[in-house]
Amino acid sequence: MAEAHQAVAFQFTITPEGIDLQLSYQALNQIYLSGVRSWKKRVSRIRNRVIKGVYPASPSSWLFVVIAILATMYMRSDPSMGLIAKIQQHLPLRYTDTQTHFFTMLSALVFSTLLWFSLILALRFCLKLLLSYHQWIFEQHGRISNTTKVWTLLRLLSSRKPLLYSYQTSLPHLPVPAIKDTLSRYLESVRPLLTDPKFKRMTELANQFESNLGNRLQRYLKLKALWATNYVSDWWEEYIYLRSRSPIMVNSNYYGMDFLYVTPTPVQAARAGNTITALLLYRRKVNREELKPVRLHVHPSTVIPLCAAQCERMFNTTRTPGTETDVLQHWQDSEFVAVYHKGRYFRLWVYRAGRLLSPREIEYQVQRILDDPSPPQPGEEKLGALTAGDRIPWSQMRKQYFSSGVNKRSLDAIERAAFFVTLDNEEQGMRGEDPAGNLDRYAKSLLHGKCYDRWFDKSFSIVIYKNGKSGLNAEHSWADAPTVAHLWEYTLATDAFQLGYTEDGHCKGEVDRSLPHPQRLLWDIPSEVQAQVHSSLAVAQALADDVDCHVFPFSEFGKGRIKKLRISPDAFIQIGLQLAYYRDRGGFCLTYEASMTRLFREGRTETVRSCSNESCAFVKALEGGEAEEQCRCLFKLASERHQNLYRMAMTGAGIDRHLFCLYVVSKYLGVESPFLKEVLSEPWRLSTSQTPVQQIELFDLKNHPDYISLGGGFGPVADDGYGVSYIIVGEDMINFHVSSKYSCSETVSKTSVTFISV
């Protein structure tokens, strides 16, 4: 009860002598310090808005312009060409002759400020023009055009240290491709998959669409592109993610793994302490915009910024269910995380009096949760299954039973938390007598767990296992995998190399043992909710049991050897996947590779259709026993074609997002298109994605070669297909994550990887 009394700032009692007021100075001091922290954040936001608003100039450049103008005037010259005098004439103030000099200076100050704003607008316009140029991506190394050489002047406009969102307003808008070009590229992409009669039929459908309905839909889409920041992203988020009524567990959420060979500490509470601290340090960088914008290194002296909009909803965010569509809710700040352990939910405060707790203090608090012997309340243990099942029942339960009272308060604590933490009772990782099998079980655990011990609606959930292994499960609607991977890279590196552990595996630092205990969340779960929990769990369990995951660290060769052949590593892997699928299934299929469009403002992803005429020709030649030189030639053509497809997707000349948006417009207009309906119903039997390593400088693989990231993976997109994620680590390793469904007799995740390794 001591903690409860400390939480009250003042108490009063009415006595015959009057009112007896008792102040708790400790509580008042904590309120004061929390207020100071809040005001510091507000001042920091205002400061960052000013810095972003004048980028690529700096606030101090205003003073330089003012001094330059005043110095010129002192030399009896008028740099304004009479404008200063006109400004002085129109000042809404009366002044005497003795005040003329002062008002001349005031007019000069106004002119200087206007000139400064004009220069900023000119610089930003130039920066936007430079960022809109994408021809550099199609040029080979050593064969740079004169236009691109001039374009490298971009580095002069971005030489200042930018904030996280400094480039946002200078990034170009995603262009709408010509409908003729999109249809032509689409027909070319499906040619190797269709017989001659089917291809002829599809060509006729495409021509009919272009000549009739297509141009009408295109006009509406161009109108949206003029009005909206990005003509794809809002519809993509809503219709692909938020409107889906099926479970998001496995179908949408994805996972990230810990280091492959090492576990920094076997102490569960200590690993949680450092991991939570590292995540909160990352959040602090995001809030203060101190995080460097992710940039592509085009040339040694030129970098291209990527859109950072996805970072805005990384923390303090949850997906709330609805009947027709879900909604993403984001809160400005949160001073606690939600923790799940042995069927119980806790609120763990990570700030005290405006101060972030030390890693050792967070470990101390987590250990208190681990040592808490209290049992789950009725209906509490498997409550998380509601987030794993179908969305409509969860929406109905939430509206009816979690919109008031104790249930609402506890649900708010979870949804408003910075993120969710599961303290898992199992041990995971590549260990024991069956390391490969344990690695597969580790992947399944992160993808779905027990179907009730994760809160799948949170923007991301951290899992800390009993043996100190960690991992992450992320909700997909708010951001794509590279954004979460950037967060996870920072977390792993900060945990292992910056925060570190003592010799006995505990976090470093001191502990304030007067910290209040983590708060148990209370629930009143009626039988109707418990029945729905049971039903949702059955749906989720059936889905989880059907997933076949296989993780395969490939170390025979890696990026180093591939690049010596002057081949793109990504193209090499994608062609290898085509070969593996052909050997597994005896044919080709529509293949999805995720490419980013973050060269544009609020860009997300585009599809690279990796199964091309050239890749199919190579696979057929290799499997048909053609001469080695012929196969080499075809392989080179296939890799060049793949690189070109990837570049086109990155620069807004993809196929699928354009067709998707045309389909959405057709639905709004209430018109049917046989062509679009058929295109969007085609199954992606091979869905692939590369997890990029974006902060290699954080990992010293030469001195610490065992600290290799395993990357992450996702569930299969098609019931009879494969989901393949891969990460290229260092020069000599590629980690694959393959998923499929046991219910399909034609797919076996482990077999497909065997074909890749062959």
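Residues numbered from 1 in each chain as written. Predicted model: local features only at pLDDT ≥ 70, side-chain atom pairs only at ≥ 80, totals over all residues. Heavy atoms only, no water.

1. What about the overall build of the protein?
Here comes step 1: Looking only at helices and strands, the protein has 25 helices and 22 strands in total.
Here comes step 2: For a compact globule of 758 residues, the expected C-alpha radius of gyration is about 27 Å, and the protein comes in at 29 Å, within 12% of that figure.
Here comes step 3: Overall size of the protein, expressed as C-alpha extent along the three principal axes, is 95 × 80 × 60 Å.
Here comes step 4: Expressed as a percentage of the 758 residues in the protein, the buried residues total 55%.
Here comes step 5: Look at the contacts in the protein between residues 6 or more apart in sequence, and 77% of them connect residues 24 or more apart.
Here comes step 6: The distance from the centre of the 87 positive side-chain charges to the centre of the 76 negative ones in the protein is 7 Å. (Helix = DSSP H or I, 4+ residues; strand = E, 2+ residues; numbered from the N terminus. Rg over C-alpha atoms; globule rule 2.2 N^0.38 Å. Buried < 20%, exposed > 50% of the residue type's maximum accessible area, 1.4 Å probe, protein only. Contact = heavy atoms within 4.5 Å. Lys, Arg positive; Asp, Glu negative; His and termini not counted. Charge placed at Lys NZ, Arg CZ, Asp CG, Glu CD.)

2. A look at the sheet that holds strand β9 (residues 344-349)
Here comes step 1: Pairing is mixed in the open sheet, where 8 strands are placed in the order β15-β9-β8-β12-β13-β14-β3-β20. The open sheet terminates on both sides in strands that have one partner only, identified here as β15 (519-520) and β20 (712-714).
Here comes step 2: Across the sheet, helix α11 (residues 268-288) touches β9, β12 (420-423), β13 (460-464) and β14 (470-474), and the angle it forms with β13 is around 155°.
Here comes step 3: Most of the contacts of helix α15 (residues 405-415) go to strand β8 (residues 336-341), to which it runs at about 105°, and overall it touches β8, β9 and β12. (Pairing = 2+ DSSP bridges. Axes fitted to C-alpha atoms, helices over the stretch in contact; angles between N-to-C directions.)

3. A look at the domain arrangement of the protein
Here comes step 1: According to the domain assignment, the protein contains domain 1 (1-54), domain 2 (59-132) and domain 3 (241-546).
Here comes step 2: Here the C-alpha centroids of domain 2 and domain 3 sit 53 Å apart. (Domains from an automatic or database assignment.)

4. Some remarks on the sheet that holds strand β16 (residues 547-554)
Here comes step 1: Pairing within the open sheet is mixed, and its 6 strands lie in the order β16-β22-β21-β19-β17-β18. Every interior strand has two partners, whereas the edge strands, β16 and β18 (605-609), have only one. Between one strand and the next, the sheet's axes are offset by a mean angle of 20°, whatever the strand orientation.
Here comes step 2: Strand direction decides the pairing type here: strand β21 (residues 722-729) and strand β22 (residues 733-741), joined by 7 bridges, are antiparallel. Looking across to β22, one finds that Ser725 is bridged to His737.

5. Focus on the packing of helix α10 (residues 233-242) against helix α23 (residues 656-669)
Here comes step 1: Taken N-terminus to C-terminus, the directions of α10 and α23 make an angle of 75°; their axes are 11 Å apart at the nearest point. On the basis of their axis angle, the class for α10 and α23 is roughly perpendicular. Two secondary-structure elements touch here, α10 through Trp235, Trp236, Tyr239 and Ile240 and α23 through Arg657, Phe660, Cys661, Val664, Val665 and Tyr668.
Here comes step 2: Its residues assigned to classes, the contact of α10 with α23 comprises 9 nonpolar, no polar and 1 charged. (Parallel < 35°, antiparallel > 145°, perpendicular 65-115°, else oblique. Nonpolar A, V, L, I, M, F, W, Y, C, P; charged D, E, K, R; others polar.)

6. Notes on α23
Along an α-helix, residues three or four positions apart point the same way, because every turn accommodates 3.6 residues.
Here comes step 1: Taking 1.5 Å of rise per residue, the 14 residues of α23 would be expected to cover 20 Å, and the 20 Å separating its terminal C-alpha atoms lies within 8% of that figure.
Here comes step 2: Taking burial as the measure, the 14 residues of α23 include 10 buried ones, the bulk of the element.
Here comes step 3: Considered for burial, the residues of α23 that qualify are Asp656, Arg657, His658, Leu659, Phe660, Cys661, Leu662, Val664, Val665 and Ser666.
Here comes step 4: Those residues of α23 hidden inside the fold are in contact with α8 (179-190), α9 (196-227), α10, β17 (591-596), β18 and α24 (674-680). (Expected span 1.5 Å × (residues − 1).)

7. Let's talk about the pairing of β14
Here comes step 1: Most of β14 is tucked away: 5 of the 5 residues are buried.
Here comes step 2: Here strand β3 (residues 254-257) pairs with β14 via 4 bridges, running antiparallel. Pairing of Tyr254 across the sheet is with Ala474, part of β14.
Here comes step 3: Summarising the sheet, β13 and β14 pair through 5 bridges and their orientation is antiparallel. Its bridge partner being in β14, Val463 is matched across the sheet by Gly471.
Here comes step 4: The turn joining β13 and β14, which pair antiparallel and follow one another in sequence, is formed by 5 residues; a positive phi near 95° is taken by Gly468.

8. Re the nonpolar core
Here comes step 1: The biggest cluster of nonpolar side chains holds 55 residues, and the ones touching the most others in it are Tyr186, Phe209, Leu659 and Phe675.
Here comes step 2: Within the residue set of this core, elements represented by two or more residues are α5 (100-131), α8, α9, α10, β17, α23 and α24.
Here comes step 3: In terms of residues, this core owes the most to one element, α9, which gives 9 residues.
Here comes step 4: Formed jointly, this core draws a minimum of three residues from each of two domains, domain 2 (59-132) and domain 3 (241-546).
Here comes step 5: Other than its neighbours up to four places away in sequence, Leu659 contacts Thr182, Leu183, Tyr186, Phe675, Leu676, Val679 and Leu680. (Core = buried A, V, L, I, M, F, W, Y, C linked by side-chain atoms within 4.5 Å.)

9. Here we look at the environment of Leu686
Here comes step 1: Within the secondary structure, Leu686 is located in strand β19 (residues 686-690).
Here comes step 2: The class of Leu686 is buried, set by a relative accessible area of 4%.
Here comes step 3: With residues near it in sequence (within four places) discarded, Leu686 still touches Leu577, Gln578, Tyr581, Cys589, Leu590, Thr591, Tyr592, Tyr722 and Val724.

10. A word on the state of the cysteines
Here comes step 1: Using the criterion set out here, one finds 0 disulfides in the structure.
Here comes step 2: Cys307 supplies the cysteine sulfur nearest to Cys311, a cysteine that is in no disulfide, at a spacing of 8.8 Å.
Here comes step 3: Overall, the relative accessible area of 10% leaves Cys311 in the buried class. (Disulfide = S-S within 2.5 Å.)

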